[in-house]
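Remarks on the overall topology
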Amino acid sequence: MKLKTKRTEILDSLQIAQYFISTGSTLPLLSNILFEADNDFLYLSATDMDISVRIKCKVDKIEQPGKTTIPKKIIALIKEFTDDDIKIETDKNDNTKVQCKKASYKINGLPAEDFPVLQLDEKKLESIKMSQKLLKEIISKIYYAALKDTTKRNLNGVFFKFEGNKIEAVATDAHRLAYYKADMKTGVKSKFDYIIPLKTINEIVKVLSDDDTKEIIINFYDKVIEFQLENMEIVSRIIDENYPNYNQVIPKEFHMEAFVNKEEFASAIRRAATITSDKSKIVIIKLDKNKLVINAQAQDEGEAFEEIDIKYDGEPIEVSYNAAYIMDVLKVIESDTIEIKLISSMNPGIIKGKGNDDFLYIVMPIRK
Amino acid sequence: MTGDKERKILLVDMNAYFASVEQQCNPELRGKPIVVCGEGRTIVTTASYEARRYGVKTGMNLYEAKRACPFVIPVIGNIDKYVSTSLQIHKILLEYTDRVEVFSIDECFMDLTDVERFWGGGEKIALRIKQSIKKQFGLTCSIGIAPNRVVAKIAGKYKKPDGLTILTAEEVPAFMAKLTVDQLQGVGLGNKVAQKLKYMGINTAKQLGEADADMLKARFGVMGRFYKNVGLGIDHTPVKSYSDEPPVKSVGHSHTLPEDTYDLSVVKSFLLMLSEKTAARLRGYKLTGRTVYLTVRFDDFEMFSGRDTLKHFLNTGVELYELAWKIFQRLMPLKKAVRLLGVSITNLTRGVERQEYLFEDMQKKQRLTEVMDNINNKYGSFTIKPGAIKIAEQHGILERCGIIGTSLIKE
């Protein structure tokens, strides 16, 4: 393989590939990036065995097609070059020479043939095309609610359900749950549901565009899912387990409903949370006629009192929450006014933007 | 803050603590050589002074202890008893100042700088503390008073049992000059460091204090400066307040299997039992934790220890077990027989885990744990337990489970 490239052209693609490189793997090959050059394009691939990416990268000139794998230190190296013209040349022993102006580096690689690629040999079930912006919106609204460790494997991901032209997505850590539903322009013939690992979601959200005209194709397989973007393909394993029945835990009827200014509420909670101890961020929220009171206290450290004017004419109620759970959702709601809907101080409560039923956040209280 | 004023730091060190508590609880044991053992195969955690006279030492196994003293009486330790006694001793210390730092289960530092004048000086306070502890618990302690923690600790160990050693700033250099490097151990200077120092030709505190700072730095990194100061009897570390976070370090249990085994069902069952015991204690202290440690000793005495840290806190036996088992799987396939298993949890915090679950099955598990705790608190540990523990019970006696480390909880 022998090619010439502009530093900026290849660096962008390399940095995306870097997200997908396995960290802490004992297999040296997984710390490498696979370079494959045909007559027209250079393709860069990286994987950690659960998720893999293949990026199409335009370079100045491919003088000799070929393939090899190069350790990820090439990214740091190319980043540090100051001139824009870079030459990359690999010999038959997979040793790569990287040249820029008068600098010349040799990096020892490994054969491309051994590089593991997530196989798509099973039959593709169906495909769907959707707006990148919508997918990014769905993910960013909910993915923080997923369980961040693998103690319950099925919760360490985001659940997606495709049915007709409807999409539903859910993330939960068993104490709080974020739910989003939307319509797509096109649909699927059958019904698909997948738990996509949080790790995959974290990477995908980084490469999705905010541009409404850009689309993404999702290919459904039995045990993997493929995301096709303009210049890259991402293949991820799915979490092959049952997702809890979220419909059952989303309350449909409420006894109390309050309308609260989001900014006032958010800043009051953030202030009150400074008083709570680092690990247990308990805030007590009281609703009374047109007012909301927040209390927090930490043993021997102090206490917080906040009162804000709201719209509420229900029974007085007092509920304790983990402040972090409340702050999480207030960061992603866009409307100026939020709705808090409650049944009792022991039941799940809902927080959502006023008048918007597409995005719901359900949170369990802390028992006294 | 006390500025440049000479500080007055007091160290209380309980004498042969576990053994003395046992002797107080059971008058039959008083005046007799006893050893408190932790584990199934009986390692001596504390020897009474009577036993020490025969050369019985901490860390010996029971066989060695019996060889040193044929009529030594082994007693199975009960950590909860020692913890609750410690908590009551803390109350005595807190009558004088809130600047009481729990250093280990049987040692506390106190900063008397600002309060000694109310009680007529450090010596009076020390004597009153000794008297109160003797009167209330029948226990003796050694006390050291010095301008800083390092010297107070050395002074506390200087005369045992029932000693009192007081040093002023002027007396420190002469006092330190007499000490060997070995006598400095336990004040931020571990056994290994002491060995290395001796290897370097540094045998006394005086030599350590006079050693070249750059050489110590090259050998020990940032700690080099600290070690030199130890040699000089200098230490600026403040004494924490009793209300500061946290003397709570870890909760755990370990067990030496009655027979070395490759049988994974036995391993699993013991892990579950250790996890349940640990979790029950954790809940008893109203704590939750998120770093789980697994310790395994093999038949050739090689040790493995692994840990896993979660993003959330846990306090149930099943959760603890699942993590411990996950860590154990790093050892698969098993190449050697397992001799000892230990499960412990650190990174503790006060129990906020009344956080409700959304899903019914998890809510049920949470209720089940509460109900089990209520029953076990009322009728004794393991009155009600997971069925999988049966295997472990068939292989060994539950009550012989020992304790890892010196975990200590404040209330």
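In what follows, the structure referred to is the one given above.
Residues numbered from 1 in each chain as written. Chains lettered and ligands numbered in written order. Predicted model: local features only at pLDDT ≥ 70, side-chain atom pairs only at ≥ 80, totals over all residues.

Attention now moves to the overall build of chain B. For chain B, the helix and strand inventory stands at 15 helices and 13 strands. Within chain B, buried positions represent 42% of all 411 residues. Sequence separation of 24 or more characterises 65% of the internal contacts of chain B that already satisfy a separation of 6 or more. (Helix = DSSP H or I, 4+ residues; strand = E, 2+ residues; numbered from the N terminus. Buried ≥ 20, exposed ≤ 12 C-beta atoms within 10 Å, placed from the backbone. Contact = placed C-beta atoms within 7 Å.)

The next point concerns the pairing of strand 5 (residues 100-104) of chain B. Residues and elements named next belong to chain B. Where strand 5 lies against strand 6 (residues 107-111), four bridges are found, and the strand directions are antiparallel. Bridge pairing links V100 to M110 in strand 6. Remark: two residues form the turn of the hairpin made by strand 5 and strand 6, two consecutive strands paired antiparallel. (Pairing = 2+ DSSP bridges.)

Attention now moves to the sheet that holds strand 12 (residues 166-172) of chain A. Residues and elements named next belong to chain A. Taking strand neighbours across the sheet as the criterion, the eight strands line up as 14-11-12-13-25-24-23-18 in an open arrangement whose pairing is antiparallel. The strands lining the two open edges of the sheet, one partner per strand, are strand 14 (191-197) and strand 18 (256-261). Between one strand axis and the next, the sheet turns by 20 degrees as a mean value, whatever way the strands run. With seven bridges connecting them, strand 11 (residues 157-163) and strand 14 associate as antiparallel partners. Following the sheet pairing, F160 is matched in strand 14 by Y194. In this fold helix 3 (residues 132-142) packs onto strand 11, strand 12, strand 13 (176-183) and strand 25 (359-363), with an angle of close to 165 degrees to the strand it touches most, strand 13. Packed on one face of the sheet, helix 6 (residues 262-275) meets strand 18 and strand 23 (337-342) and runs near 90 degrees to strand 18. (Axes fitted to C-alpha atoms, helices over the stretch in contact; angles between N-to-C directions.)

Time to look at the nonpolar core. Residues I142, V158 and V283 of chain A are the most contacted members of the largest nonpolar core, which totals 103 residues. Apart from the residues lying within four places of it in its own chain, the contact partners of I142 of chain A are V158, A169, V170, A171, A178 and Y180 of chain A. Judged by nonpolar contacts, the second largest core, of 60 residues, contains F18, I79, I133 and V230 of chain B. (Core = buried A, V, L, I, M, F, W, Y, C linked by C-beta atoms within 7 Å.)

Excluding glycine, a negative phi dihedral is what most residues carry, and trans is how most peptide bonds are arranged. Residues and elements named next belong to chain B. Cis rather than trans, the peptide bond between M332 and P333 has omega equal to -10 degrees. Tracing the backbone through its elements, the reader meets P333 in the loop between helix 13 (317-328) and strand 12 (338-350). Phi at N347 is positive, roughly 60 degrees, even though this residue is not glycine. Inspection of the secondary structure assignment puts N347 in strand 12.

Residue and element names in this part refer to chain B. Two elements in contact, helix 4 (residues 79-94) and helix 5 (residues 122-137), have axes separated by 10 Å at closest approach and are oriented at 145 degrees. Viewed along their axes, helix 4 and helix 5 form a crossing whose handedness is right-handed. In this structure, helix 4 uses T85, I89, I92 and L93 to contact helix 5, whose residues at the interface are I129, S132, I133 and F137. Among the residues making up the contact of helix 4 with helix 5, the classes are represented as six nonpolar, two polar and no charged. (Left-handed = near helix turned anticlockwise from the far one by under 90°. Nonpolar A, V, L, I, M, F, W, Y, C, P; charged D, E, K, R; others polar.)

So, about the interface of chain B and chain A. Contacts between the two partners involve 15 residues from chain B and, on the opposite side, 20 residues from chain A. Among the elements of the structure, strand 11 (303-314), helix 13 and strand 12 of chain B are those that each provide at least two residues to the side of chain B that touches chain A. Counted by class, the side of chain B that touches chain A contains six nonpolar, three polar and six charged residues.

What sets the pattern is the α-helix's 3.6 residues per turn: residues three or four places apart point alike. Residues and elements named next belong to chain B. The end-to-end C-alpha distance of helix 5, which contains 16 residues, comes to 22 Å, matching closely the 22 Å that a straight helix rising 1.5 Å per residue would cover. Among the residues making up helix 5, those that are buried are G122, I125, A126, I129 and I133. Down the axis of helix 5, the sector holding all buried residues measures 100 degrees, keeping them to one side. Turned more than 90 degrees away from the buried face of helix 5 sit K124, Q131 and K135, all of them exposed. Among the residues trailing helix 5, G138 stands out with phi positive, at a value near 70 degrees. (Expected span 1.5 Å × (residues − 1). Arc of directions from axis to C-beta.)

Another point: the pairing of strand 4 (residues 51-57) of chain A. Residues and elements named next belong to chain A. Counting buried positions along strand 4 yields six of seven residues, so the element is predominantly enclosed. The sheet contact formed by strand 3 (residues 42-47) and strand 4 spans six bridges and is antiparallel. Its bridge partner being in strand 4, Y43 is matched across the sheet by K56. Connecting the antiparallel pair strand 3 and strand 4 is a turn made up of three residues, with M49 showing a positive phi of about 80 degrees. Bridge count between strand 4 and strand 17 (residues 232-237): five bridges; the pairing is antiparallel. Residue pairing across strands places I55 opposite M232, the latter belonging to strand 17.

All names here are of chain B. Contact geometry of helix 10 (residues 213-220) with helix 11 (residues 223-232) gives a least axis separation of 7 Å together with a crossing angle of 125 degrees. The orientation of helix 10 relative to helix 11 falls into the category oblique. Between helix 10 and helix 11 lies a crossing of right-handed hand. Here A213, L216, K217, R219 and F220 of helix 10 come into contact with helix 11, specifically with M223, G224, R225, Y227 and K228. Class assignment of the residues belonging to the contact of helix 10 with helix 11 gives a composition of five nonpolar, one polar and four charged. (Parallel < 35°, antiparallel > 145°, perpendicular 65-115°, else oblique.)

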